[in-house]
Amino acid sequence: MYEGALQDLIDELGQLPGVGPKSAQRMALHLLEAEPEDVERLTTAINAVRNQVKYCSVCGNLTEDDECSICRDPRRDPSIICVVQEPKDIQAIENSRVFRGRYHVLGGAIDPIHGIGPDQLRIRQLLGRLSDGVVQEIIIATNPNIEGEATASYLARTLSTIGVTTTRLAMGLPVGGDLEYADSITLGRAMEGRRNMS
Ligand code: ZN
């Protein structure tokens, strides 16, 4: 244990995801020895993120403007919306470069044990985006776990009353994996998403 400010910093850094006690101590000691300008840049960056980054008023993505760059991009297909749980999911799909439509961030998934129902998610805002009839397809890309599947089922049921085509990502088995080690959800989804090989 160090004392005072140094231990406080170690404790704070240790609260960050993926940072264990050893890493927190190494970072704190590094910052103690670092050039003042370097530390200044770090604190400025942290404050800037806190002060400038907000949620897109349309899709819920992270942005510094009222609307995010994807919503503002006229080249993005407005007839397809891909629904994800978190802004980081948008980054993952964008990195794959296979999707040219728009997004909608729910802000989580249905999780009754933790008190999260449809009303706690941005589902009302999603329905609002469908009112002008431009959107033809909703791709549900919630996580392939219990909560994500529950959310996908709820959305599919809700959207079926509106007449918008709803699709779900076909989750595959991990490449290089053994069938016997796949969990039942993955296996079930892989079965559902099977394709004709002829
Ligand atoms: Zn947006």
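Please refer to the structure placed before this passage.
Residues numbered from 1 in each chain as written. Predicted model: local features only at pLDDT ≥ 70, side-chain atom pairs only at ≥ 80, totals over all residues. Heavy atoms only, no water.

A. Structural context of the pairing of strand E3 (residues 77–84). Direction of pairing for E3 relative to strand E4 (residues 101–105): parallel, over a ladder of five bridges. In the strand pairing of E4, Cys 82 is matched with Tyr 103. Note that the unit made of E3, helix H5 (residues 87–96) and E4 has a crossover that is right-handed. Bridging between E3 and strand E5 (residues 137–140) involves four bridges; their strand directions are parallel. Paired with Cys 82 across the strands is Ile 139, a residue of E5. (Pairing = 2+ DSSP bridges. Helix = DSSP H or I, 4+ residues; strand = E, 2+ residues; numbered from the N terminus. Right-handed = clockwise from strand over helix to strand, strands pointing away.)

B. A look at the coordination of the zinc ion. The coordination sphere of the zinc ion, as far as protein atoms go, consists of Cys 56 (SG), Cys 59 (SG), Cys 68 (SG) and Cys 71 (SG), spread over 2.3 Å. For the zinc ion, the four donor atoms in the first shell make angles of 105 to 118° at the metal, a pattern classed as tetrahedral. Read in sequence order, the donor residues for the zinc ion give the motif C-x2-C-x8-C-x2-C. (Donors = N, O, S within 2.8 Å, 3.2 Å for Na, K, Ca; no water. Tetrahedral: all angles 85-135°; square planar, octahedral: opposite > 155°, others 65-115°.)

C. A look at the environment of Pro 144. Among the structural elements, Pro 144 can be located in the loop between E5 and helix H7 (146–160). Relative accessible area serves as the criterion here: at 38%, Pro 144 is assigned to the partly exposed category. Spatially, the C-alpha atoms of Pro 144 and Arg 189 are 8.4 Å apart, while their sequence positions differ by 45 residues. Once you skip the residues sitting within four places of it in the chain, Pro 144 turns out to touch Glu 149, Arg 168, Met 171 and Ile 185. (Buried < 20%, exposed > 50% of the residue type's maximum accessible area, 1.4 Å probe, protein only. Contact = heavy atoms within 4.5 Å.)

D. Structural context of the packing of aromatic side chains. By the definition in use, this model includes one aromatic pair. Pairing Phe 99 with Tyr 103 gives two aromatic rings, centres 5.2 Å apart and planes at 65°, and the pair type is edge-to-face. (Phe/Tyr/Trp six-rings, centres within 6.5 Å; stacked < 30°, edge-to-face > 60°.)

E. View of the pairing of strand E6 (residues 165–168). Relative to E6, E5 runs parallel, the two sharing four bridges. Bridge pairing in E6 places Glu 137 opposite Thr 165. Once you follow E5 into H7 and on to E6, the crossover reads as right-handed.

F. Representation of the side chain of Asp 89 in the model. Structurally, Asp 89 is set in helix H5. Salt bridges are absent for the buried Asp 89, whose nearest opposite-charge side chain, Lys 88, sits at 4.1 Å. Those residues within four positions of Asp 89 in sequence are excluded, and the remaining contacts are Val 84 and Asn 143. (Lys, Arg positive; Asp, Glu negative; His and termini not counted. Salt bridge = Lys/Arg side-chain N within 4 Å of Asp/Glu carboxyl O.)

G. Inspection of the packing of helix H1 (residues 4–14) against helix H2 (residues 21–33) at higher detail. Running from N to C, H1 and H2 cross one another at 130°; their axes reach a closest spacing of 8 Å. The pairing of H1 with H2 is recorded here as oblique in orientation. The handedness of the crossing between H1 and H2 comes out as right-handed. Taking contact as the criterion, the partners of Leu 6, Leu 9, Ile 10, Leu 13 and Gly 14 in H1 are, on H2, Ala 24, Gln 25, Met 27, Ala 28, Leu 29, Leu 31 and Leu 32. Of the residues contributing to the contact of H1 with H2, the split by class is 10 nonpolar, two polar and no charged. (Axes fitted to C-alpha atoms, helices over the stretch in contact; angles between N-to-C directions. Parallel < 35°, antiparallel > 145°, perpendicular 65-115°, else oblique. Left-handed = near helix turned anticlockwise from the far one by under 90°. Nonpolar A, V, L, I, M, F, W, Y, C, P; charged D, E, K, R; others polar.)

H. Focus on the nonpolar core. Membership of the largest hydrophobic core comes to 15 residues, with the highest contact counts inside it found for Val 83, Ile 138 and Leu 155. If you list the elements that add at least two residues to this core, you get E3, helix H6 (123–129), E5 and H7. In terms of residues, this core owes the most to one element, H7, which gives three residues. Residues in contact with Leu 155, not counting those within four places in the same chain, are Val 83, Leu 106, Ile 123, Leu 126 and Ile 140. (Core = buried A, V, L, I, M, F, W, Y, C linked by side-chain atoms within 4.5 Å.)

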